[in-house]
Amino acid sequence: MAASHMGRRSSPEAGEFRMEAREFEYPEREFGSPPEDPDEIARVELKISNVIQLFNTLDPAPFYEKELDPDAEEYIYASFEEIPFDQKARITVYLPLPLISHEVTENIRMGVANHFLYLGSLAGHALSVQWRRERLNLAIGIVFLFFCLTISQHASDIFEQGSLAGLIAESLIIIGWVALWKPVQFFLYDLWPIRKRRRLCEKIAASDLEVKPNPSHL
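Residues numbered from 1 in each chain as written. Predicted model: local features only at pLDDT ≥ 70, side-chain atom pairs only at ≥ 80, totals over all residues. Heavy atoms only, no water.

Asks: Explain a nonpolar patch on the surface to me, and be specific about the residues and the numbers.
Replies: Taken together, the side chains of F144, F147 and I175 present a nonpolar region at the surface, about 280 Å² in accessible area. By the element assignment, I175 lies in helix 4 (residues 163-178). (Patch = residues over 30% accessible without salt bridge, like charges linked within 9 Å, V, L, I, M, F, W, Y side chains within 5 Å. Areas by Shrake-Rupley, 256 points an atom, 1.4 Å probe, with all protein chains shown as cover. Salt bridge = Lys/Arg side-chain N within 4 Å of Asp/Glu carboxyl O. Helix = DSSP H or I, 4+ residues; strand = E, 2+ residues; numbered from the N terminus.)

Asks: So, helix 1 (residues 70-81): which residues are in play, and what are the values?
Replies: For helix 1, spanning twelve residues, the distance from its first C-alpha to its last is 16 Å, which sits close to the expected 16 Å at 1.5 Å a residue. Within helix 1, eleven of the twelve residues are buried, leaving the element largely enclosed by the surrounding structure. All of the buried residues in helix 1 are P70, D71, A72, E73, E74, I76, Y77, A78, S79, F80 and E81. On the buried face of helix 1, the contacting elements are strand 1 (42-47), strand 2 (89-95), helix 2 (102-153) and helix 5 (181-206). With a side-chain oxygen positioned 2.8 Å from the backbone nitrogen of D71, the residue opening helix 1 is D69. (Expected span 1.5 Å × (residues − 1). Buried < 20%, exposed > 50% of the residue type's maximum accessible area, 1.4 Å probe, protein only. Contact = heavy atoms within 4.5 Å. Polar contact = N/O pair within 3.5 Å; in protein donor to acceptor, adjacent residues only side chain to side chain.)

Asks: Account for the packing of aromatic side chains, naming residues and giving values.
Replies: Overall, the coordinates contain two aromatic pairs when judged by the stated rule. Aromatic pair W131 and F187: ring centres 5.3 Å apart, planes at 85°, arrangement edge-to-face. Of the two residues, W131 is situated in helix 2 and F187 in helix 5; the sequence distance between them amounts to 56 residues. When the centroid spacing of 5.2 Å and the interplanar angle of 75° are considered together, the rings of F186 and F187 count as edge-to-face. For F187, a relative accessible area of 22% puts it in the partly exposed group. Taken together, the ring pairs in this structure connect W131, F186 and F187 into an aromatic cluster. Lying across the ring of F85, R199 places its NZ or CZ 4.0 Å from the centre. The residue whose ring lies beneath K203 is F85, and the NZ or CZ to ring-centre distance is 5.5 Å. (Phe/Tyr/Trp six-rings, centres within 6.5 Å; stacked < 30°, edge-to-face > 60°. Lys NZ or Arg CZ within 6 Å of the ring centre and 35° of its normal.)

See the structure below:
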């Protein structure tokens, strides 16, 4: 599946799932509150007048391998963010009755599943790459911090006694701790949104999808 996420586009054909254009970055929100009924199935509904509204028309891949329209993708993702992760969900696509067939239903189901599996794999790959990088950065930062602490303890021996030696010692301690800022930020904060995105994309891909007649077109 092509990955042409250069930006959001707003189309008048985006129908009821049209959302404001923005870059490919989802707001960070926690999963919704636990459901009152654990067996309740949450519904994510899309009403469209044509199947092509769901997909990126610039993607030359076969129909069931096309990437979703950015507005449709963002609407589905944002809707699933509001659903507790352990609650089952079902995607319902409403189409005019004459457009519904077994082939259309299967193509939509495969297209949505393939698209979010692809996004999940991208998030997993990004997590793996950043995990290796930040572990290396952490090791380098610890070594550098040890070096700075060692030098700061001997600053008075290296430099003349006075305010300059104290200033250099304090500066080295601060610089050493600052060197650990990026890997610490990753492990404390940046790691979890990427894991969440991967898990949520995998959940969307595995969720049931049904196609029903649009009541307004009956």
